[in-house]
Structures are given as structure tokens and as C-alpha cells.
Amino acid sequence: MVNEALGSGWMYSYSVAALIFIGVYCLIARRNMVRLLIGLEIISKAICLLIISGAYPHKIAMAQALVITVIVIEVCVTATGLALIINAYRQSGSIDIREFSNLRG
Amino acid sequence: MFLFIFIAVPVVVAGFLPILSRISRKFLPDVLANLCFVVLLAATITTANLWPGGGRFCHSLSWFGTSLNISPVLDGLTLLMLFTISIISLAVGIFSIQYIEKYTSPAIYYSMLLVLVASMNGIVLSSDLFTMYIFIEAAGISSYGLVALGKTKQATEGAFKYLVLSALASSFILLGIAGVFIKIGTTSIKEVASFADIIPKISIILFLAGFGLKCALIPFHFWMPDAYTSAPAVLPAMSSGLFVKVAGVYAMCRVFFNVSGFNPSVSSVMVYLGVISILVGALLALGQSRLRRMLAYSSISQVGYVILAIGIGTPLGIIGGLLHLLYHSIFKALLFLNSGAVEYATGTDESTQLGGLGANMPFTSTTNIVGILSAAGIPPFNGFWSKLIIVIALVQVKMYLYAFIAVFASVLTLWYLLLIQRRVFFGKIKENLKGIAEIPFWMNLSMVGLALACLWTGLSFAPLIMKWVLPAANVLIEGVRTSLNTFIIKG
Amino acid sequence: MDILLLSGVMLFAGLAVFLKDLLKAVICLMVSSIFLGIIFFKLSAPYAGVFEISVVAGLIMVLFILTISLTGPEDTVVEPASMGIFAFLFVIFSCVALFKILNSGVIHQCLPLSSEPHGFGEVLWLSRTFDMVGQISVIFAGVFVLLAIVKAGRKNGK
């Protein structure tokens, strides 16, 4: 565990928690579609940091395999989201998520 | 080798389809994709016949003598899910032969559908939490693409909202898996199950939130109405009929019964969420006038039944829940495909603009009635038996209020579904709809097939339970028993 | 040294949420990724570090910049004064989180895991081969979905 090895494990835990808080806040409080994807990116960064810092130094090889897979998945999801944003912009000229509320109900 | 074909065959066919579509745009993709689904259904039935009836069956692949570490695992619950997936995907595949022409080229659509089916097979066949997560993501990405095929502004909006909420759910699930990995050092289901008492509590909460978002329990249901309303009708049929069950209910059962222990707090949370979903879903469906939106809320309500029944934890409850899972897939897919047929013929699914279609579209009208009666739980259709078992299970554990709520919501279901049926199919035909013809042959065939399946599974529910549902229920009951033993030994 | 890197990641991530200009926000995200990659190198995870820097700080940022150039760089959406609320909530959250972490020890001793006898390559290809199949499915799904969405956009818009 990072705790034993580096003596500063609490910092890594706090960073993970803070990054998740920042990411979730971005998802809740921002309206631009691109910023919602930025929020998802920040949450993924937090998870990668958690996996690698938590598994150091015992299981670092398997942690790297997991993180590489998570990054590949993240690329595909982000690419899909960006393609949808480009389409939304072409269809209606705006990327404000609140303007798309006519389906609410 | 045999189990791996459930994942490999759809992916390989999906890979070849765009290339083959250069040769023949429509005929070859249709034939190949539907042939693939038929092969999967045949493989499921063969596996069920060869299977000894209990225990786990693990298949390791080997490539030229050295063993690859690909080992799909099969047990009773997996077999039930494979059966559900293959039936519904075959029905949707046949339906979309003529339906999807309006939306996009068949090759791309069938490729996405095949990857979706392959990923769902991967979810149920995997023996490792992280592999399950990867396949959940793959299936999710295909779903976003299928929603966006609607091409209108609302379809893109629905797809984006669905993407953001579903990616958030996946992050929760991944956080839970990371927590388990850090504490225990492995993500394989068997090994984590042997260390079940040191799974961090935060992981359990994250799993509940993540899987709850995936199966659209209240209060995590916000993506479902928006995503289903403007997508092509095949997507809600696949998603609500299959993906919600596989990535939500199946994954939840796997984690809460076989991995962590089934403790009373998890049970009570599942029961509460289930009951609230049943009530709120049924009440919200009452005020809807758009066909697909109402069916989306109805789905939320029916998935609540499944979670409530499985959350009780008694053998009868688990059998009822799994049976309702299978039956709900069949009748809900039928209802969604019906709404797609109405939209194909008339161009809208807003029920205030429709009326009197029953004369011109007899097949659609009849199959819709079959679907409604199944959904509301009227004998001899299939919904009656599963709801009866759930209510008996509730009475058995003396939860009389919840049993009453279950029956009451069933009556509400009948009411709002019949209301829509009356508005759309009966009554006087509107002026602009006079010339509507019946839908094409393949769409008809698929819907009639599903309606007959509703009737047949209703009439022969006992052999169905014995062959498919009982082994699945045994797997989950095993989990309950193990955790009870641990509890007794410790305490 | 670790504190600097970690606070760099957090600071630039926070900046990415609040800067009005989308392009600058994305560049802040990119800098945050580079810091994270350096942290991975320090934790003796070189493959993860390389992947993080090349894929996240490279490929994803290129995609973002492509999208921003197609939809307009300014965040024209007007927000209320949310930075004050955020700072307030963040301070409360930090106090609670630090209290819980330093006190109870959210970090417990891991199981006595034997260190792995294999290196990274063997773990990736030998023990997690099923994950490779999963990744192939994800990549196929992404490619087909992108094809479908691009075709849909082309038929509609142009």
C-alpha cells in the first residue's frame, strides 16, 4: 500500500476524493455539453489514480493492465460523446444542455 | 471452445458486415445477421440440453496447445440470461429487416446490434468483475449509437443525456471494483467471494448506485424516458428487454448474491427500491400520451417487480423474480415493437393524433392486446404466473402491504395500457389516417412470433420453470445460504 | 515532491471546470494529464504513464480541440456566480474527507499479497486475455457507432 511504501498515502486518498468531487460538481453545475465530457474525464482520472496508487507496490503490473483498459474505454466513450455534440450543434446551433429540455417530463 | 462462440461469432460477423455491404447493400447483411441470431438460439438450446443441471461449467480455450486464459463460465443463471438474450435478439433482428431502412443502412445497424448482443453475452459469461465491467461499457457504447440513429434533434439530445448518466453509473461501478481490487488484490469472482467479509462497505454502496442507475430504479431513472422516446423502436425493445436486465439486474444479483454476502441491509434496500419503483413508475405512466414514453415508465415499474422479488431472498421470491425477468423481456419487447410498427405506418406515436387503427392493422392490434394482457397479468398469458408467484412470495414473508401494492400496480398497468389501446386502435379512424396499410411481412412475423411466445410461455410455465428458472434460482439461493452460514458461524 | 504533483493535478482539473474559454479549459485538462502521467512514472508504473500521456493528453485532447473548432470556442452559456459556492463546498468537503482519512484510516493493510512473479507483459497477455476480447468489442462498438453518427450527421446537416 502506498501508506507503507511512501509514508504519504493519505495525500493520494485525498486527491482521489477531491478529484471525484470536482468531476461530479462539473457534471451537476455546468451546462455546456463539452464541459460535461470534461467532468467525465476528471472522474476517470481519479479512478486511474486510485487503482495505481492503491496497488503500489504489490500488484502494480495488474493495476497497469486495468488502467490501460480503462483508458481505452474512456477514449471510445469520449469520442462517441464528441460526435454526438457535433451532431447536436449541426442540428440546432447550440450546445447548451438546458435548451434541450423539451423532453423533460 | 463451445462457450466462446457466444461472444466470438457475433463480433466476427459484425466485423465483416460493413465490408460485405459493398457487395449487396440490403440482402446480405439481413441474412447474415439473422442467421447469426438463429445460430445463437440453437447454441443456447443445445447447451441447455447438454448441461448436467447444476454446478458451474468452465471452458478454457487453448490455442495450439498452450492454454489461453479465456475461460467463460456457465452456470444456471447464465443459461437463463443467454436464453432471454437469444430469443429477444432474434425477434428484434427479424423485425428490423424492413424497419431500419428508414433510419440508416442495414449493415451499420446490424453491426451495432451484433456487437451489443456479443457484449451482453460477454457480461453473463464472464467470471471476473473487471471483464464484466468492460463488456457493460461495450454494450453501453452500442446503445448510445442505436439511440442516435433517430437523427432528430431529440434523438441526439436523448443519446447525449443517456451517455452522460450511463458513463456516471459506470464510473461508480468502476470505483467499487477498484475498491475491491485494492482491498483484496484480485477481481475474479470466485476469489473475491472467499474474502467476502472484508469488501469495503463503500464498494457495496457504489455498486448499488451504479447498477441501480443501469436498471433505471427510482431515483436513478431519469435517462430512460428521454432515451427511449425518440430512438428507433428497436432500441427500447433491446435495451429495456435485455440491456437493463443484463447490465442491471443480472450484475446486481451476481455481485450481491455470489460475491458479497446477502446481508439483511442489502435485502431491505432492494425491497424498498423495488416497491418505490413499482408505484412511482405506474403512477408516472398514467399521465403520458406518447406511446413510447408511457412504455418506458411501465418498464421502470416492471423492473421494480423483479428487484422486489429477488430482494426478498426466499426461494419462491427468487423464482418469481427470475421468471418475471424472462416474461417481461418478451412482452415488453412485443409492446415496444408494436409502437414501432404504429410509427412506421403512420409516422407518429403521439396517441392524441391517432385513432381507429384497428380496422386497417389487425395483426398489430391483436398482438398489442396480447402484450397488454400479459403485462397486466391476466391468465392464461405469461405475466399472470410470474406476478402470482411474486405476490405469493410476498404473502409468505408477511409483507402484506407490499403484496397489496404489487396487485394495485398491476391493476394500474392494465388501466393505462388499455387506455392507450383504446385511443390508438379502437374508435373512429381519423381523416388523415384512412389509407394506412398493414405493416410489411417480416415485422409482422416477428410480432406474431413474440405474441405466440407470450401465449406459449403462459400455458407451459411449469416445464419452463423446471428447465430454465430453477437452476438459475438455485445459484442465487446458494449465495443466500452461504452468507447465512457465515452469519451464523460468526455470530 | 509528491504533494506538488498531486496538487498540480487537482489545481488544473479545477481550472478546467471554471475557465470560460473552452480551449483554455481543455489545455488545463491536458496539463493535468501530464502531471498524472509523471505520478504514474514515479509509482513505477511506466506503461500506464506512457499510455496516460500519449492517449489522454494526446489523442483525447486532439478530439476535444477538433470538436471545439467545429462548434465555437467561447462558452457562451452564462453561469451564475458558481465559483463562490464551489469554493465553499470544497472547503467543507476537504475538512470532512481529511478528517475521515487521517483518523480512521480509510487505507487499511492490504491482504498479504505475494508480489507478482510475472512482469507487466505477461500479466496483460496471459492472465487477462479475456479483457483483450472485451477491448476488441469496445473498439468495434466505438468504430461502428462513430460511423453511424457521422453518417447521420452528414445526411441531415449537409
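Everything numeric in this text was worked out from a predicted model, so none of it was measured. (Residues numbered from 1 in each chain as written. Chains lettered and ligands numbered in written order. Predicted model: local features only at pLDDT ≥ 70, side-chain atom pairs only at ≥ 80, totals over all residues.)

This paragraph deals with the overall build of chain A. Looking only at helices and strands, chain A has four helices and zero strands in total. The order of helices and strands in chain A, counted from the N terminus, is α-α-α-α. Across the 105 residues of chain A, 69% fall into the buried class. Contacts in chain A between residues far apart in sequence, at least 24 positions, make up 51% of those at least 6 positions apart. (Helix = DSSP H or I, 4+ residues; strand = E, 2+ residues; numbered from the N terminus. Buried ≥ 20, exposed ≤ 12 C-beta atoms within 10 Å, placed from the backbone. Contact = placed C-beta atoms within 7 Å.)

Okay, the overall build of chain B next. Scanning chain B from terminus to terminus reveals 18 helices and four strands. The globule rule puts the C-alpha radius of gyration for 491 residues at 23 Å, and the 22 Å found for chain B is close to it. Judged by the C-alpha coordinates and their principal axes, chain B covers about 75 × 60 × 40 Å. Burial analysis of chain B (491 residues in total) assigns 62% to the buried set. (Rg over C-alpha atoms; globule rule 2.2 N^0.38 Å.)

Right, let's talk about the nonpolar core for a bit. Core analysis: the largest hydrophobic core is formed by 286 residues, its most contacted members being Ile 51 and Ile 52 of chain A together with Val 115 of chain B. Excluding residues that lie within four positions of it along the chain, Ile 51 of chain A makes contacts with Ala 63, Leu 66 and Val 67 of chain A together with Ala 178 and Phe 181 of chain B. (Core = buried A, V, L, I, M, F, W, Y, C linked by C-beta atoms within 7 Å.)

Many authors give the size of an interface as the accessible area that is lost as the parts come together. Contacts between the two partners involve 62 residues from chain A, matched on the other side by 69 residues from chain C. At the level of elements, α1 (2-6), α2 (9-29), α3 (33-55) and α4 (60-92) of chain A are the ones that each hand at least two residues to the side of chain A that touches chain C. The dominant element in the side of chain A that touches chain C, judged by the number of residues it contributes, is α4 of chain A, at 26 residues. Here the side of chain A that touches chain C is composed, by residue class, of 41 nonpolar, 14 polar and seven charged. (Nonpolar A, V, L, I, M, F, W, Y, C, P; charged D, E, K, R; others polar.)

Right, let's get into the interface of chain A and chain B. Contacts between the two partners involve 27 residues from chain A, matched on the other side by 26 residues from chain B. Only α3 and α4 of chain A provide two or more residues apiece to the side of chain A that touches chain B. Among the elements that line the side of chain A that touches chain B, the one with the most residues is α4 of chain A, at 13 residues. Residue classes in the side of chain A that touches chain B are distributed as 18 nonpolar, eight polar and one charged.

Looking now at the environment of Arg 30 of chain A. Considering the arrangement of structural elements, one finds Arg 30 of chain A in the loop between α2 and α3. A residue is classified by how many C-beta atoms lie within 10 Å of it, and Arg 30 of chain A, with 20 of them, is buried. Beyond its immediate stretch of four places on either side in the chain, Arg 30 of chain A contacts Arg 35, Leu 36 and Gly 39 of chain A together with Val 17 of chain C.

This brings us to the environment of Ala 91 of chain B. Residue and element names in this part refer to chain B. Structurally, Ala 91 can be placed in helix α3 (residues 76-99). For Ala 91, a count of 26 C-beta atoms within 10 Å corresponds to the buried category. Separated by 150 residues in the primary sequence, Ala 91 and Gly 241 place their C-alpha atoms 11 Å from one another.

Parts of the model with low pLDDT should not have their predicted coordinates read in detail. Residues and elements named next belong to chain A. For chain A, the average pLDDT comes to 82, and 81% of its residues sit at 70 or higher. Between the elements of chain A, mean pLDDT differs from a low of 45, seen in α1, to a high of 92, seen in α3. Within the model, the stretch residues 1-6 combines pLDDT values under 50 with 13 contacts to residues more than four positions away or in other chains. (pLDDT = per-residue confidence, 0-100.)

Taken over all residues, the pLDDT of chain B has a mean of 86, while the share at 70 or more is 96%. Interface scoring of the predicted complex returns ipTM 0.91; its pTM is 0.93.

So, about helix α16 (residues 400-425) of chain B. All names here are of chain B. With 26 residues, α16 should reach 38 Å at 1.5 Å per residue; the first-to-last C-alpha distance of 37 Å fits that figure. Residues of α16 that are buried: Tyr 402, Ala 406, Ala 409, Ser 410, Leu 412, Thr 413, Tyr 416, Leu 417, Ile 420, Val 424 and Phe 425. On the buried face of α16, the contacting elements are α11 (264-286), α12 (291-312), α13 (315-346), α14 (362-376) and α15 (382-396). Phi for Gly 427, located one or two positions after α16, is positive at around 85°. (Expected span 1.5 Å × (residues − 1).)

Looking now at helix α8 (residues 201-214) of chain B. Residues and elements named next belong to chain B. Across its 14 residues, α8 extends 20 Å between first and last C-alpha, which sits within 8% of the 20 Å expected from 1.5 Å per residue. Of all the 14 residues making up α8, 10 are buried; the element is thus mostly covered by neighbouring parts of the structure. Inspection of α8 places Ser 203, Ile 204, Leu 206, Phe 207, Leu 208, Gly 210, Phe 211, Gly 212, Leu 213 and Lys 214 among the buried residues, and these make up the whole buried set. Buried-residue contacts for α8 involve α6 (153-184), α10 (234-259) and α11. Positioned one or two residues after α8, Ala 216 has a phi angle of 55°, which is positive.

This part covers the packing of α2 of chain A against helix α1 (residues 2-18) of chain C. As a packed pair, α2 of chain A and α1 of chain C sit with axes 10 Å apart at the nearest point and diverge in direction by 5°. Taken as axis vectors, α2 of chain A and α1 of chain C run roughly parallel relative to one another. Contact residues: Met 11, Ser 15, Ala 18, Leu 19, Ile 22, Tyr 25 and Cys 26 of chain A in α2 of chain A; Asp 2, Ile 3, Leu 6, Val 9, Met 10, Ala 13, Gly 14 and Val 17 of chain C in α1 of chain C. When the residues that make up the contact of α2 of chain A with α1 of chain C are grouped by side-chain class, the tally is 12 nonpolar, two polar and one charged. (Axes fitted to C-alpha atoms, helices over the stretch in contact; angles between N-to-C directions. Parallel < 35°, antiparallel > 145°, perpendicular 65-115°, else oblique.)

With that settled, the discussion passes to the domain arrangement of chain B. Residue and element names in this part refer to chain B. Here the domain parsing of chain B yields domain 1 (1-260) and domain 2 (262-491). Each of domain 1 and domain 2 was reduced to a C-alpha centroid, and the two centroids are 21 Å apart. Taken together, the contact between domain 1 and domain 2 spans 44 residues of the former and 48 residues of the latter. Elements with a contribution of two residues or more to the side of domain 1 that touches domain 2: α3, α8, α9 (223-229) and α10. Looking at which element gives the most residues to the side of domain 1 that touches domain 2, the answer is α3, with 14 residues. Grouping the constituent residues of the side of domain 1 that touches domain 2 by class yields 31 nonpolar, 11 polar and two charged. (Domains from an automatic or database assignment.)

Turning our eyes to something else, we now look at unusual backbone geometry. Residue Ile 218 of chain B is joined to Pro 219 of chain B through a cis peptide bond whose omega torsion reads 0°. The residue Pro 219 of chain B is located in the loop between α8 and α9 in this model. Pro 379 of chain B connects to Pro 380 of chain B through a cis peptide bond whose omega is 0°. Of note, Pro 380 of chain B is situated in the loop between α14 and α15. For Ser 44 of chain C, which is not a glycine, the phi torsion comes out positive at approximately 55°. For Ser 44 of chain C, the position within the fold is in the loop between α2 (22-42) and α3 (46-71). With 15 C-beta atoms counted inside 10 Å, the residue Ser 44 of chain C sits in the partly exposed group.

Our focus in this paragraph is the packing of α3 of chain A against α6 of chain B. At their nearest, the axes of α3 of chain A and α6 of chain B sit 10 Å apart, and the two run at 10° to each other. When the axes of α3 of chain A and α6 of chain B are compared, the pair comes out roughly parallel. Where α3 of chain A abuts α6 of chain B, its residues Met 33, Leu 36, Leu 40, Ile 43, Ser 44, Ile 47, Leu 50, Ile 51, Gly 54 and Ala 55 of chain A lie against Phe 160, Val 164, Ala 167, Ser 171, Leu 174, Leu 175, Ala 178, Phe 181 and Ile 182 of chain B.

This part covers the environment of Ala 43 of chain B. Residues and elements named next belong to chain B. Structurally, Ala 43 is set in helix α2 (residues 27-50). Sequence separation between Ala 43 and Phe 2 is 41 residues; the distance between their C-alpha atoms is 8.7 Å. Not counting chain neighbours up to four residues away, the residues in contact with Ala 43 comprise Ile 5 and Phe 6.

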